[in-house]
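Residue-level structure breakdown
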Amino acid sequence: MAKDPRAIIDAQPMSRFQWGIVATMVGLNALDGFDVLSISFASPGIAAAWGIDRAALGFVLSMELVGMAIGSLILGGVADRIGRRATILGCLAIMACGMFGASTARDVFTLSGWRVLTGVGIGGMLAATNAAVAEAANARRRALCVVLMASGYPVGSIIGGSISAVLLTRYDWSAVFVFGSIVTLCFIPLVWWRAPESIAFLMHRRPANALARIDAALTRMGHPTIDALPDPEPKAASVPLAELFAPALSRATIMLTLAYLTHIMTFYFILKWIPKIVVDMGFPPADAAGVLVWASVGGATGSLVLGLLTARVRLFTLTVGAMILSTLLVIVFGQGQSDLANLSAIAAATGFVTNAGVVGLYALIAQTFPTSVRATATGFIIGVGRGGSALAPTLAGILFAAGYGLSGVAFLMALGSTIAAFALLAMRRQSVAG
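These lines cover the structure that appears in this document, whether it is placed above or below. All of these numbers come straight from a predicted model, not from anything done at the bench.

Reading the values: the criteria
Counting restarts for each chain, with residues numbered from 1 along the sequence as it is written. Only residues with pLDDT of at least 70 get local features here, since the model is predicted, and only at 80 or more are side-chain atom pairs given and counted; chain-wide, interface and lining totals rely on the full set of residues. Side-chain figures throughout are based on the complete set of non-hydrogen atoms in the structure, without hydrogens or water. Elements are defined by DSSP. Helices are runs of H or I of four residues or more, strands are runs of E of two residues or more, and each kind is numbered from the N terminus. Any pair of residues with heavy atoms lying within 4.5 Å of one another is described as a contacting pair. Helix span, as expected, comes to 1.5 Å for every residue beyond the first. Only protein chains enter the accessibility calculation, which uses a 1.4 Å probe; a residue is then buried when its area is under 20% of its type maximum, exposed when over 50%, and partly exposed in between. What is meant by a nonpolar core is a set of buried Ala, Val, Leu, Ile, Met, Phe, Trp, Tyr and Cys residues, joined one to another through side-chain atoms within 4.5 Å. Between N-to-C directions, angles cover 0 to 180 degrees, with each direction set by a line fitted to C-alpha atoms, over the stretch in contact for helices. Angle categories: roughly parallel below 35 degrees, roughly antiparallel above 145, roughly perpendicular from 65 to 115, and oblique for all the rest. The crossing is said to be left-handed when, going from far helix to near helix, the turn is anticlockwise and less than a right angle, and right-handed when the turn is clockwise. When residues are sorted by character, Ala, Val, Leu, Ile, Met, Phe, Trp, Tyr, Cys and Pro go into the nonpolar class, Asp, Glu, Lys and Arg into the charged class, and all the rest, Gly among them, into the polar class.

1. Remarks on the environment of Leu65
Relative to the helices and strands, Leu65 resides in helix 3 (residues 54–82). Sequence-distant contacts of Leu65, defined by excluding residues within four places in its chain, comprise Tyr268, Arg386, Gly387, Ser389, Ala390 and Pro393.

2. Thoughts on unusual backbone geometry
Despite not being glycine, Arg206 has its phi angle at roughly 55°, a positive value. With respect to the element layout, Arg206 can be found in the loop between helix 8 (199–205) and helix 9 (210–221).

3. A look at helix 7 (residues 174–194)
With 21 residues, helix 7 extends 31 Å from end C-alpha to end C-alpha; this agrees with the ideal 30 Å at 1.5 Å per step. Where helix 7 is concerned, the buried positions are Ser174, Ala175, Val176, Phe177, Gly180, Ser181, Thr184, Phe187 and Val191. Among the structural elements, helix 2 (16–50), helix 4 (84–103), helix 5 (108–136) and helix 6 (142–170) are those in contact with the buried residues of helix 7.

4. Topic: the environment of Ile254
Within the secondary structure, Ile254 sits in helix 11 (residues 250–280). Counting along the chain gives 127 residues from Ile254 to Ile381, while the straight-line C-alpha distance between them is 8.6 Å.

5. Focus on the nonpolar core
Formed by 136 residues in total, the largest nonpolar core has its most connected members in Met25, Leu256, Phe269, Ile274, Phe369 and Leu424. Considering each element in turn, this core owes the most residues, 16 residues, to helix 11. For Phe269, the residues in contact, after removing those within four places along its chain, are Val330, Ala396, Phe400, Leu406, Val409, Ala410 and Met413.

6. Side note on the environment of Ala356
With respect to the secondary-structure elements, Ala356 resides in helix 14 (residues 340–368). Taking C-alpha positions, Ala356 is 25 Å from Ile70, a pair spaced 286 residues apart along the chain. Those residues in contact with Ala356, other than ones at most four positions away along the chain, are Gly302, Leu306 and Ala322.

7. A short note on the packing of helix 5 against helix 6
The contact between helix 5 and helix 6 brings their axes to 8 Å, and the two run at 150°. Comparing their axes, helix 6 and helix 5 come out roughly antiparallel. Seen along the crossing, helix 5 lies across helix 6 with a hand that is right-handed. Where helix 5 abuts helix 6, its residues Thr129, Asn130, Val133 and Ala134 lie against Arg142, Cys145, Val146 and Met149. The class makeup of the residues in the contact of helix 5 with helix 6 is 5 nonpolar, 2 polar and 1 charged.

What follows is the structure in structure tokens.
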């Protein structure tokens, strides 16, 4: 019987080339982190330049989340049909176009359209990179690699926020989007060079040159090659999206989608509104970007700590615990602080637990679903979650405009993490490796 290359990857130690693939995907997720939050960095300048109120600003802040929902739902399935690498390259082109277009916008509706387009690329990227990392890693390091990939998001916010703070002292808000467009374009040759197509995908789809491409990838990874492909797995009768609701997967699909939807609403309330909240406290936009950077520092730390703890504590338990702490700290954040240092510290602690919950969910998704539907499942869960979470900035903006204080709005938005924890506990009967 021919050796299965997926079993070779699972059993062999991680090579330098495999870690390079993971590092590339971390970089792509960092790019996603900056692209998503670029509107947050620019929002105080946009509000001042255009004279828009919080309700209108909340609408703009939600638009790339709508695009992410569309991209995740559509392009997640595309990644399971044409490949992870091709999907990532296409998404980078879409994102670069959307970011540059945003820099040229002169009104709310035009800017919203470009942010939707950017979100389409980001949504497809998230689905493809999550699958690509899970399929490049060996069995021992898979959860850690997915968590590391997800940790790129706050790292991108840190680096992008720091650069944005400098740009905003010299230029207007559009410079943030120009910078994002240039960096996005730079990733296209990097992915072409360092990220071959997933071996698991090639095994599943069996293109004409599958054996040659698999052996080439195994050679670059430093693993033994194979002489022939093993027998293909039986084809499922249903389309991939329908498979997510088959008896074996339906409970996990529903509960993970609910958990992601509600927790990401809490997560984006913090990330989207921090700059505007800080500016309204009387601090300049550059300082507001700095507070958001501290929230991202906390998020990156939370990702890494959760990744390290997966070697000793069950991933499921870590994720539920992070969501409970997220509820408490978002409520504390809503109490406000008298000075910038305390506000930054609370923002960092809140970012720690909210982002730990997000990366824990990514790892649970990657572990739960098989290769044939992994990108589709990731895309569906992220798509529904991000689509619903688009309500978070808008809802917060409406509540602020209606006269609710920060403490009341924060309390209501913190409940998303609580609901997510209960959704995961309800899924506990489903077998999830962790």
